[in-house]
Every structure is written in structure tokens, then in C-alpha cells.
Amino acid sequence: MKYRVIGSSPDTRREVSVLSLGAMTFGTTVDEATSFAILDRFVEAGGTFIDTSNNYAFWVNGTQGGESEQLVGRWLRSRGIGDGVTIATKLGARPNQPTRTFSLDVEGLSAKVIRESAERSREHLGIEKIHLLYAHIMDEQTPLEETVQGFAEVVADGVAGLLGASNHWSWRIERARALAAAAGVPGYEVLQHHHSYLRQRTDIPSMRSPDGNQGLVSGELLSYLRANPTLTQVAYSPLIAGAYVRDDKPLGPGFDHAGTRPRLKAVREVATETGATVNQVVLSWLMGGDIPVLPLVGASSVAQLEESLGAVDLDLTPEQRAKLDSTH
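Residues numbered from 1 in each chain as written. Predicted model: local features only at pLDDT ≥ 70, side-chain atom pairs only at ≥ 80, totals over all residues. Heavy atoms only, no water.

1. What to know about helix 6 (residues 170–183)
A rise of 1.5 Å per residue sets the reference length of helix 6, with its 14 residues, at 20 Å; its end C-alpha atoms lie 20 Å apart and thus fit the reference within 8%. When we look at burial in helix 6, the residues that qualify are Ser 170, Arg 172, Ile 173, Ala 176 and Ala 180. Within helix 6, the buried residues cover an arc of 160° as seen down the axis, which keeps them to one side. Helix 6 presents Ala 181 and Ala 182 as exposed residues on the side facing more than 90 degrees away from its buried surface. Check the buried side of helix 6 and you find it contacts helix 5 (144–156), strand 7 (160–166), strand 8 (190–194) and helix 7 (219–227). Of the residues trailing helix 6, Gly 184 is marked for its positive phi of about 70°. (Helix = DSSP H or I, 4+ residues; strand = E, 2+ residues; numbered from the N terminus. Expected span 1.5 Å × (residues − 1). Buried < 20%, exposed > 50% of the residue type's maximum accessible area, 1.4 Å probe, protein only. Arc of directions from axis to C-beta. Contact = heavy atoms within 4.5 Å.)

2. Concerning the layout of surface pockets
Size it by volume and the second largest pocket reaches roughly 360 Å³. In this structure, the second largest pocket is lined by 17 residues; those nearest its centre are His 195, Arg 199, Leu 222, Trp 285 and Asp 325. Among the elements of the structure, helix 7, helix 9 (278–287) and helix 11 (318–326) are those that each provide at least two residues to the lining of the second largest pocket. Of the residues that constitute the lining of the second largest pocket, the class distribution is five nonpolar, six polar and six charged. (1 Å grid on protein atoms, 1.4 Å probe; cavity = no way out; pocket = protein on both sides within 12 Å on 5 of 7 lines; lining within 4 Å. Points joined across faces, edges and corners; volume = space filled by probe spheres on them. Nonpolar A, V, L, I, M, F, W, Y, C, P; charged D, E, K, R; others polar.)

Listed below in C-alpha cells is the structure:
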């Protein structure tokens, strides 16, 4: 395994594995025994970065979520896992009522919600401190100053360590970070968006914005990361739910543009050259780029995890990387 330090403060920064394991489906579509086996293998391979959320996975059984956090908590306790494994969770997108449907009726990012949800997550996980706590989605109804202060308070009280933002426009991340800096309190240091070798259109309106999909890594966000190297970008769904390798898994309308076919051809050619799988090439490309990205991979079996783990030691040559980067 390879590792990277996230965060800047000596009090909260963490050394984490370059591959993060997503626990979204653990405890719902992936049963407990299989989930435990995947988690065990991840740690055995040197993995130290596990990601969940307080709303995972409400849509499976019509709940408000919490199943994933609770399963991770049971695993941590049963295995006697100490502080060496970094646990990340998110708040803000938990539905206000049990449901199977994604909607705008969610908890949001008020100071009250941040406090109550962080404490609930800590209880579910059974840990003293949430190592990395994300604002899961934007909340444009709550003043940003209140959100910034709410997160600062849970850090000051030892409930959370590092702070992050997921599915946010880069300008809102920057504004929140500026407010935090001006107030002398911790700000967002880790970002989490969807990112992969195949790029989605960012201009298609989403449920939360008429201006496009704020959950995608865009050129603007990459430029922001390049200008702020102390920030860490985590990429969720880097393997696009198996769409690189499954003919029965359509890419979706966001990928319906001229750049998709040539990039798919390029990544398949590099996979043939290396003897690796397409998925492994995608993960290696993310981890080893000039803007290093930490891929967040899901798994419903140990075999799927093994494939992702194999990407850690795959080093693309400068020529292979140039081929991938120059294809549009």
C-alpha cells in the first residue's frame, strides 16, 4: 500500500492509504458477513481510509440512513480497530423523513444539524472522534457563516478532526474557507466529488442546481486544486459503477459527447499494454497524476476489492500517461 498525508494541522492531519474504501452499501445491499470480509481484506492489505455517510443507504429500505455507519461501527468494535484507520463520514443530505426517494427535503447544514448529526454519527461508529467530517451537499438556505461556525464548534469540542466538502461548487468552497480563515477557525481541507478518466458533462442541470452538476470535478475545480496544493481531492465512483467493463451498464446521458469514445479507446489500449484491467488503469491514472487524487472505491465482494488493490502498484509510464492525457 502507498500513503499520503491529508490535512495541514499537526493536531488533525492524517496519513491515509492512497485508496479509500467506500462503505455505502454495507449493511444493506451487501450483507454483514461480506462487508466484514471486505473490510478485513482492505485493512490486511494496508488500507487505512474508510468512507461512509449518515444517510447511507436510505434508498434501499426506505429509511433515513445510518445502516452503513452502524455496520462500520460493529466492525470496528469486533476487530478492536484503533485510531490507525481513518474514518470519514458526511452529514447534510440525510432525509428528514424515511423515504426511498432522493429529494430536497434533507437535514441541511445548520449549526444545530451539524452538532446533532455529528454526535449521532460518532455514536453509530463508536469512535471518540470522527477523523474526517464532510458537508455532504450544499445548503443555500443556511447562512454560510453559520455552517462554518457549526463545523468549527464540533472540531473545537473534539467531535471531529478534519473537515471536508462534497458536491460543492468551487466558489462556495473558497468562500467557506475564506470565512473560516478570517474567523481563525478550521476550514475545509478535503474535497469529494465524482471524478474518473471518462468525463461527464458538467452543464446538465441537476436536482440541486439549474446551472449544472456541482457534484462533478470540472476544469474549474481542477484549476482550484492546482492553485491550492494543500487541499486533497477524493474521487467517488471512479469506476462509474462498473460501466468501463460491463456492457449491460450504460454510461448515461452525461457521457454522451464526442470525448467519450476516444478516451474509452485510449484507456483500453493502455490496459492491453500494461496487462492490467481497465479499472486498474483508471485508478492508477487518478492516483499518479500531477494533481494526485485519492480514489474512493466500492466493492460488493472481496474479488472486486482485490482488483482495485492491484492498481496501487501499477505505475503508468510517462508515454502511457501522455497518451491518456492527450486524448479528448
